[in-house]
Amino acid sequence: MADQPTATERFVQGILPENPVYRQLLGLCSTLAVTNGLKPALTMAGAVGFVLLSANVIISLIRNLLKPHLRIVVFTLIIAAFVTMVDRFLAAYMYSMSKALGPYIPLIIVNCIIICRCEVCASRQSVFTAAADAVGQTAGFALALVSIAAVRELLGTGALAGVRVLPAAWPDWVVMVLPPGAFLTFGLLLALVNWVAARRGGGG
Amino acid sequence: MGYAVDIFLIAVSAALINNFVLYYFVGICPFIGVSRRVEMALGMGGAVTFVISIASFLSWTITTLVLMPGAPLTRWAAGFFLPPEAAAAVDLTILTYIVYIFVIASSVQFVEMYVRRFYPPLYKSFGVFLPLITTNCAILFACLVIMGHVVGVENPAEAWDLGKALTLGFFGGVGFTIAIVIMAGIREELELCDVPEPFKGAAITLIIGGILAMAFMGFTGVDSGLRAALGGG
């Protein structure tokens, strides 16, 4: 295990160099669907963070018991259990947000970020490293969601997190909060990230 | 008459108006990944439509018979060790997600084995895509939509029956196929174009997806117009 990244490396890599959304193109369903405002984006990032952290810790604890051909099934069932908890929690304490996010909370189960992190990191490394990895990836995911959501909400409604910041003369570009805006904003931001990465020689 | 109109509207709505990919953003991963060639896109679309129909059938059946409050099988099983009124109140909906993902994963496995054994040509054309489908959100999404129309519906007469559930699943898959095939057609032409370096790959695909989504927004409101024209409830 000498060549495995340490906890700190895992944490740092998750935020920018291996950002789950911009660099690995994982978890795009939720990325596109919940970024019509900052609040749903942050809620989604929190939900994914909780599930990712819990699943990574549990899988790292049982990693010596996993049989190779059954591991994906085990991952999925553990994730589904935690997603059920998040779903019930949101329905109990943040009912309107739970309604607004609708099916995208249960769809965290098939979010590739979590299965990918379980496979790449948690099933091979210690609990502490797996937890650091989960926190780093969550930070990267939240960063990506917030950047997309900020652009869409600002241009689409002239507000940030529900507070109006642009002058009333701003003609709201409603299309930005509708589905096409998600594709366009994410496509343009992705190109921007690629451009910056190429200029800094980070490959891309 | 009213029932036929309902089925027709569910089909049009799932395939075009609220297209799974371009409106609900489910199934984006294959939309970006497997949309390079039209034949590949057709294979993927066929595989998804096939599995999504089976998963809709299974999820509707399991929800109605086992998971929803007062479901017959659960009541019968719980009746062995609970008094009748407590057995009727057993509610297993908290297990929904775990059961669905299990059903999807195992049905994908079975479909793959079955197709490989009995339809080798079909397996050649879309068999390679089957394992990928387990983590395709479109399938779980269809199951969840069906659940939303079966469990917790205020008026029992409005709960979906098996026909409506299957229609949603099948035409959701058709809508996915339409979107991914259009995308593949555009991307084949795109290979001849001079795309700026940072846009190569996923970025330009997403922007094309945005333009397609805008085109599909043209269908908004078609369902209420159709309902009025057909005179359905």
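Caption draft 1: Just the overall build of chain B, in detail. Along chain B, the regular secondary structure elements total 12 helices and 0 strands. What you see in chain B, going N to C, is helices and strands ordered as α-α-α-α-α-α-α-α-α-α-α-α. When its C-alpha atoms are laid out on the principal axes, chain B stretches across 70 × 45 × 35 Å. Looking at chain B as a whole, 44% of its 233 residues qualify as buried. Intrachain contacts of chain B at a sequence separation of at least 6 include 76% that bridge at least 24 residues. By element, 71% of the accessible surface of chain B is carried by carbon and sulfur atoms, the whole surface being about 10,900 Å².

Caption draft 2: Region of the structure containing the interface of chain B and chain A. Opposite the 34 residues of chain B that make contact, chain A presents 36 residues. Both sides together, the interface formed by chain B and chain A hides about 3,100 Å², and carbon and sulfur atoms give 85% of it. In terms of surface lost to chain A, no three residues of chain B exceed F25, Y97 and L206 of chain B, which account for 24% of the buried area on that side. Taken together, the links from chain B to chain A amount to 0 salt bridges. Where chain B touches chain A, the interface holds 3 residue pairs in polar contact (both at pLDDT 80 or more). At the level of secondary structure, the elements contributing two or more residues to the side of chain B that touches chain A comprise α2 (28-33), α6 (96-118), α9 (137-150) and α11 (202-216) of chain B. Counting residues per element, the side of chain B that touches chain A draws most heavily on α11 of chain B, which supplies 8 residues. For the side of chain B that touches chain A, a count of residues per class yields 28 nonpolar, 6 polar and no charged.

Caption draft 3: Highlighting the environment of K164 of chain B. Residues and elements named next belong to chain B. With respect to the helices, strands and loops of the structure, K164 is situated in helix α10 (residues 162-190). K164 sits 157 residues away from I7 along the chain, and the two C-alpha atoms are 6.1 Å apart. Excluding anything up to four places from it in sequence, K164 contacts Y3, D6, I7 and I10.

Caption draft 4: Spotlight on the packing of aromatic side chains. One pass over the full model with this rule turns up 11 aromatic pairs over all chains. Geometrically, the ring pair formed by Y22 of chain A and F186 of chain A is tilted, given 5.9 Å between the ring centres and 40° between the ring planes. With Y22 of chain A in the loop between α1 (7-15) and α2 (28-33) and F186 of chain A in helix α8 (residues 179-199), this residue pair connects regions lying 164 residues apart in the sequence. For F186 of chain A, a relative accessible area of 0% gives the class buried. For the pair Y114 of chain B and F118 of chain B, a centre-to-centre distance of 5.0 Å together with 45° between the ring planes defines the contact as tilted. Placement of both Y114 of chain B and F118 of chain B in helix α6 is noted, with a separation of 4 residues, approximately one turn of the helix. Relative accessible area serves as the criterion here: at 49%, F118 of chain B is assigned to the partly exposed category. Of note, R117 of chain B hangs over the ring of F118 of chain B, and the distance from its end group to the ring centre comes to 5.1 Å.

Caption draft 5: Looking closely at the packing of helix α3 (residues 38-67) of chain B against α10 of chain B. Residue and element names in this part refer to chain B. Look at α3 against α10: their axes get within 8 Å of each other, and the N-to-C directions meet at 165°. With respect to α10, the axis of α3 lies roughly antiparallel. In the crossing of α3 with α10, the sense of the turn from one axis to the other is right-handed. Partitioning the contact of α3 with α10 into residue classes produces 17 nonpolar, 9 polar and 2 charged.

Caption draft 6: Region of interest: the packing of helix α1 (residues 2-17) of chain B against α10 of chain B. Residues and elements named next belong to chain B. Put simply, α1 and α10 touch, their axes get as near as 7 Å, and they point 30° apart. When the axis of α1 is compared with that of α10, the two are roughly parallel. Between α1 and α10 lies a crossing whose hand is right-handed. Here Y3, D6, I7, I10, A11, A14, A15 and L16 of α1 come into contact with α10, specifically with G163, K164, T167, L168, F171, G172, G175 and I178. Partitioned by chemical class, the residues of the contact of α1 with α10 number 10 nonpolar, 4 polar and 2 charged.

Caption draft 7: Examining α6 of chain B more closely. Between its first and last C-alpha atoms α6 of chain B spans 32 Å; for 23 residues at 1.5 Å apiece the expected length is 33 Å, and the two agree. Restricting attention to buried positions, one finds in α6 of chain B the residues T96, Y97, Y100, I101, V103, I104, S107, V108, V111, E112 and V115 of chain B.

Caption draft 8: Layout of the nonpolar core. One finds L107, I108, I114 and F183 of chain A together with L22 of chain B to be the most contacted residues of the largest nonpolar core, which totals 109 residues. Of the residues forming this core, the biggest block, 11 residues, is contributed by α9 of chain B. Aside from chain neighbours lying at most four places away, what touches I108 of chain A is M44, A47, V48, V51, I79, V83 and I114 of chain A.

What counts and what doesn't
Residues numbered from 1 in each chain as written. Chains lettered and ligands numbered in written order. Predicted model: local features only at pLDDT ≥ 70, side-chain atom pairs only at ≥ 80, totals over all residues. Heavy atoms only, no water. Helix = DSSP H or I, 4+ residues; strand = E, 2+ residues; numbered from the N terminus. Buried < 20%, exposed > 50% of the residue type's maximum accessible area, 1.4 Å probe, protein only. Contact = heavy atoms within 4.5 Å. Areas by Shrake-Rupley, 256 points an atom, 1.4 Å probe, with all protein chains shown as cover. Buried area = accessible area lost by both parts, 1.4 Å probe. Salt bridge = Lys/Arg side-chain N within 4 Å of Asp/Glu carboxyl O. Polar contact = N/O pair within 3.5 Å; in protein donor to acceptor, adjacent residues only side chain to side chain. Nonpolar A, V, L, I, M, F, W, Y, C, P; charged D, E, K, R; others polar. Phe/Tyr/Trp six-rings, centres within 6.5 Å; stacked < 30°, edge-to-face > 60°. Lys NZ or Arg CZ within 6 Å of the ring centre and 35° of its normal. Axes fitted to C-alpha atoms, helices over the stretch in contact; angles between N-to-C directions. Parallel < 35°, antiparallel > 145°, perpendicular 65-115°, else oblique. Left-handed = near helix turned anticlockwise from the far one by under 90°. Expected span 1.5 Å × (residues − 1). Core = buried A, V, L, I, M, F, W, Y, C linked by side-chain atoms within 4.5 Å.

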